[in-house]
Each structure stands twice: as C-alpha cells, then as structure tokens.
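Now for the letters of each chain:
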Amino acid sequence: MGATSTPAYDAHADWYEDFISAGGDYLRRVHGTLADLLGPGEGTCLDVCCGTGAHAAVPSSLGWTPVGMDLSGGQLRHAAGRLPVARVDATELAVAGASLPAAMCVLSSTDVPDYPAVLREVARVLRPGGRFVHLGVHPCFVGAFADRSQRRSVVVDERYADRSRSFASWNTSGVRVRVGAWHVPLADLLNATVTAGLRLVRIAEAGPDGVPDLLGFLAVKD
Ligand SMILES: C[S@@+](CC[C@H](N)C(=O)[O-])C[C@H]1O[C@@H](n2cnc3c(N)ncnc32)[C@H](O)[C@@H]1O
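Described below are features of the structure shown in this document. On a predicted model such as this, the values are computed, not experimentally measured, just so you know. (Residues numbered from 1 in each chain as written. Predicted model: local features only at pLDDT ≥ 70, side-chain atom pairs only at ≥ 80, totals over all residues. Heavy atoms only, no water.)

1. Points about the overall build of the chain
In step 1: Helix and strand counts for the chain come out as 7 helices and 11 strands.
In step 2: Rg of the C-alpha trace for the chain: 16 Å, near the compact-globule value of 17 Å for 222 residues, within the 12% margin.
In step 3: Principal-axis analysis of the C-alpha atoms places the extent of the chain at approximately 45 × 35 × 35 Å.
In step 4: Split into buried and exposed, the 222 residues of the chain put 51% on the buried side.
In step 5: Put simply, 65% of the contacts in the chain that link residues at least 6 apart link residues at least 24 apart.
In step 6: Accessible surface, the chain: about 9,800 Å² in total, of which carbon and sulfur atoms supply 54%.
In step 7: Charge-centre separation for the chain: the mean point of 20 positive side chains lies 3 Å from the mean point of 23 negative side chains. (Helix = DSSP H or I, 4+ residues; strand = E, 2+ residues; numbered from the N terminus. Rg over C-alpha atoms; globule rule 2.2 N^0.38 Å. Buried < 20%, exposed > 50% of the residue type's maximum accessible area, 1.4 Å probe, protein only. Contact = heavy atoms within 4.5 Å. Areas by Shrake-Rupley, 256 points an atom, 1.4 Å probe, with all protein chains shown as cover. Lys, Arg positive; Asp, Glu negative; His and termini not counted. Charge placed at Lys NZ, Arg CZ, Asp CG, Glu CD.)

Below you can see the structure in the form of structure tokens.
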C-alpha cells in the first residue's frame, strides 16, 4: 500500500454502499456515460478503484468480464458479491504488463493523492489497442472550489488551483466531507493521460440542467 494511500473508505464502506446503491439520476448518468464510452467487447475489464462494485453490471452487460481492485477491504466486502476482487493499490496493480484489453476507473480520480500514477499504471497493464474509460467528477465544476448549492449555476473560486487534499464541500452530507478529495484540474488530468501513453479518443460530459457534474473519456493504448 502506498504510504499516503490510507484506505479511508474502510470507516465509511457501509455508508458508501447505501449511498451508491440508492441509485437515482446520478447513478443513471454514471452508468449511461460509462456504457457509452466503454462500448461492447470481450475479455477482462479491470475496474480500478472498484469500491463496492456498484458499476460491475455495466461492463458485464456489454460483454466484458469485470474484475475489481481497490485498497479498502471494507469496500471490497460489498464488491465481492458482484465481481471477482483483489485488495490492491491502484498505483501498483498486481497485473502483468500489456495483458488487458480494457480498464475503467470511475469516481475515484479525486480519491488518490497521485492520479497520474494510476494512469501510468493503467497504461502499463493495457495491451496495445486496449481501452481505458476514465469517469469522474467534473474537474471544472465539482470540488471544494465549486459552490453547487444553486441547481442551475456553479460558482467557482480561486481554490480551483489548489491540489491539496480538502474536506471542504457545499454539500455537508456527501462523500467529500467524510473522506476528502485531491482536486485534479482539467489540464492536469488531460496532460497526465497523454503523458501516460494513452490516446484520447472521445470525451463526454453529463449533468443536470445542462450544468455538468461528470467528465469522462475513452482513451486507447497505442
Ligand atoms: C468514491 S469511491 C468510488 C468507488 C467506485 N469506483 C464507485 O464509483 O462507486 C473511491 C474508491 O477509491 C478507492 N481508492 C482510493 N485510493 C486507492 C488506491 N491507492 N488504490 C486502490 N483504490 C483506492 C477507495 O477505497 C474507494 O473505494
């Protein structure tokens, strides 16, 4: 386990399972965007930072065989009934290089102190032509720097440039006040993807009332 990658979710796993299983528009948006970007295929789709395995049915429905990896034993306890899992640090995946046809990482880019290291590791384990779907909170409109308390507007402040861990959020009952978040600004995210050797193929945004709260992309290992 990386020195700074404490399994913060161990203390919140039962809460997270209830939270994510509640479904609703947000989960429908996550699953629709994920399915759209991943597309149909065969073979293993590694769910990096799989959490409770809440999205395992999406790759399955597209023909993929999902396998999950996460740092939190508490989260994996819930995931184990949904897909095969292993307790592994996403920055040191226990997978042979150039061996996988697909990988995905959902709603986790702000949960690791060094997401570029995860992207490099994903690029290492994908075989040439392998697909990677990143789907996360929108880096421009969700974070400690963004006040989303008004449904049709977002107020972004100077903390956009702050990459340190923050527990601040306009939403006092959500995930971030519990486990914090490491903000990854948009340019950092895209540059880290390209630098890792992943070619961006398609980008997607989604959100309520035209105000995006999700950003995803499909990238391919050349
Ligand atoms: C917000 S949850 C998302 C879980 C799942 N992907 C989902 O969308 O429901 C973030 C997950 O990242 C995991 N995580 C954080 N740091 C990690 C690391 N270094 N390696 C593997 N998993 C990690 C946490 O344990 C947690 O389950």
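2. Structural notes on the nonpolar core
For soluble globular proteins, the rule of thumb is that nonpolar side chains tend to be buried together.
In step 1: In this structure, Leu46, Val48, Leu93, Tyr115 and Phe132 are the most contacted members of the largest nonpolar core, which totals 28 residues.
In step 2: Of all the secondary structure elements, the ones that give two or more residues to this core are strand E1 (44–48), strand E4 (100–106), helix H5 (115–125), strand E5 (126–137), helix H7 (186–195) and strand E11 (214–221).
In step 3: By residue number, the principal contributor to this core is H5, which donates 6 residues.
In step 4: Membership of the second largest hydrophobic core comes to 24 residues, among which are Trp64, Met104, Ala204 and Leu218. (Core = buried A, V, L, I, M, F, W, Y, C linked by side-chain atoms within 4.5 Å.)

3. Looking at the packing of aromatic side chains
In step 1: For the structure shown, the criterion picks out 5 aromatic pairs.
In step 2: On the numbers, 5.7 Å between centres and 90° between planes, the contact of tyrosine 9 with tyrosine 16 is edge-to-face.
In step 3: Given a relative accessible area of 11%, tyrosine 16 falls into the buried group.
In step 4: Both rings, one in phenylalanine 145 and one in tyrosine 160, keep their centres 5.1 Å apart while their planes meet at 85°; by these two values the pair is edge-to-face. (Phe/Tyr/Trp six-rings, centres within 6.5 Å; stacked < 30°, edge-to-face > 60°.)

4. Description of the site of the ligand
In step 1: Around the ligand, a shell composed of 19 residues is seen, among which Tyr16, Cys49, His55, Asp70 and Val106 lie nearest.
In step 2: At a separation of 2.6 Å, an oxygen atom of the ligand approaches a polar side-chain atom of aspartate 70.
In step 3: Protein contacts shield 98% of the accessible area of the ligand, which totals 600 Å² for the unbound molecule.
In step 4: In terms of residue class, the shell around the ligand is built from 10 nonpolar, 6 polar and 3 charged. (Near = heavy atom within 4 Å. Polar contact = N/O pair within 3.5 Å; in protein donor to acceptor, adjacent residues only side chain to side chain. Nonpolar A, V, L, I, M, F, W, Y, C, P; charged D, E, K, R; others polar.)

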